[in-house]
Amino acid sequence: MSLNGLFQIPCDRNNRETIIGGLLLQYPFLSRETIGESLCYRPIDLLSVGNRQNAVLLSAAFHGMEWITSLILLRFMNELCECISKGRSMYGVMIGAMVNRRGIAVIPCLNPDGVEIQINGYSAAGMYQELVRSISQGNTKNWQANARGVDINHNFNADWELLHRREQENGINSPAATRYGGEYPESEPESRTIASLCRAGRFSHALAFHSQGEEIYWGSSDDNIDQAFKQAEALSRVSGYRLSHPEGLAVGGGFKDWFCQSLKKPGFTIEVGSGKNPLPITDFEDIYEKIREMLVLSILL
């Protein structure tokens, strides 16, 4: 069963379910677990393969317009599983042996409501559709938040109070299409889902995929800062993405910062592609090829 055509269309829930279902049918060693639900009761899935007690976490689609990141991780899992089943290598690395030492866990879509709203309109917001319609004035093309207008990547307990003040200074005081961090950290089921998963302590490091900019943001605790910098440099070297630091309303409240501060482990934000969100599906192949080696390396770090 070829899934290739499914990587050429926007990744709403129907397409995502078809891809995941195809992967599970082909590769019985791939595990799927529903780790939570969105506000609109859409499942938040975790796909994993290999050593589940020592794994890297890759997560995507924190934001509605950034659904192309879901396709990237699902494409990678497809290629990874094919290599395992056929005993193949990638960039000289035997994938089967690699994931036995360090597994890989993937959340293809952390914000399924936001993605569905951005692609299919405010009616996809269920009981929140009037709120979304009002905020968006009927046009959800630029929708990033979840179904009640909270930006998931502003909703983590990492300098959240400072970010909240910055939001207010910029006139963001209530639910919005983007950049409203909610009433308190982890107020949203989506952010609570990934935070609870990470608190279980089985992840050595984590990468969060966003778009766009071809940048890598990195961090860790003071004890691991040199290690994290070397890891970030390695990711940059194989991808050509530049190391950078967020500014303004992109500082604080994010998953990567929370992971580093709370769990004292390395974390990385990968801003894939370049242009204007949502990145066109025609960019997908070029984006994937540019970061393919980075994805393999992310497991080895």
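Residues numbered from 1 in each chain as written. Predicted model: local features only at pLDDT ≥ 70, side-chain atom pairs only at ≥ 80, totals over all residues. Heavy atoms only, no water.

Asks: For this particular structure, what's the right way to read the packing of helix 2 (residues 68–86) against helix 10 (residues 284–300)?
Replies: Across the interface, helix 2 lies against helix 10 with an axial gap of 10 Å and an inter-helix angle of 60°. Compared by their axis directions, helix 2 and helix 10 come out oblique. The chirality of how helix 2 crosses helix 10 is right-handed. Contact residues: helix 2 offers Ile-68, Leu-71, Ile-72, Leu-73, Arg-75, Phe-76, Glu-79 and Leu-80, while helix 10 offers Phe-284, Glu-285, Ile-287, Tyr-288, Ile-291, Arg-292, Leu-295, Val-296 and Ile-299. Considering only residue class, the contact of helix 2 with helix 10 consists of 13 nonpolar, no polar and 4 charged. (Axes fitted to C-alpha atoms, helices over the stretch in contact; angles between N-to-C directions. Helix = DSSP H or I, 4+ residues; strand = E, 2+ residues; numbered from the N terminus. Parallel < 35°, antiparallel > 145°, perpendicular 65-115°, else oblique. Left-handed = near helix turned anticlockwise from the far one by under 90°. Contact = heavy atoms within 4.5 Å. Nonpolar A, V, L, I, M, F, W, Y, C, P; charged D, E, K, R; others polar.)

Asks: What is the right way to read the nonpolar core from this model?
Replies: Soluble globular proteins tend to bury their nonpolar side chains together. Grouped together as the largest cluster of nonpolar side chains are 58 residues, with contacts concentrated most on Leu-58, Phe-76, Leu-80, Ile-104 and Phe-209. Residue contributions to this core peak at 10 residues, all from helix 2. Not counting chain neighbours up to four residues away, the residues in contact with Phe-209 comprise Leu-58, Ser-59, Ala-60, Ala-61, Phe-62, Thr-69, Leu-73, Ile-270, Val-272, Ile-291 and Leu-295. Counting residues in each nonpolar core, the second largest holds 21 residues, with Leu-57, Ala-158, Ile-194 and Leu-197 among its members. (Core = buried A, V, L, I, M, F, W, Y, C linked by side-chain atoms within 4.5 Å. Buried < 20%, exposed > 50% of the residue type's maximum accessible area, 1.4 Å probe, protein only.)

Asks: Hey, could you run me through the sheet that holds strand 1 (residues 31–37) in this one?
Replies: The pairing of strands in a sheet comes from backbone hydrogen bonds and takes either a parallel or an antiparallel form. Reading across from one edge, 1-2-6-3-7-10-8-9 is the order of the 8 strands in this open sheet, with mixed pairing throughout. Every other strand in the sheet has two partners, leaving strand 1 and strand 9 (242–244) as the edge strands with one partner each. Here the strands of the sheet are splayed against their neighbours by 25° on average, with no regard to which way each runs. As paired elements, strand 3 (residues 55–59) and strand 7 (residues 203–211) share 5 bridges and run parallel to each other. Looking across to strand 7, one finds that Val-56 is bridged to His-205. Strands in contact with helix 8 (residues 225–239) are strand 7, strand 8 (215–219), strand 9 and strand 10 (267–272); relative to strand 8, the strand with the most contacts, it is inclined by about 165°. (Pairing = 2+ DSSP bridges.)

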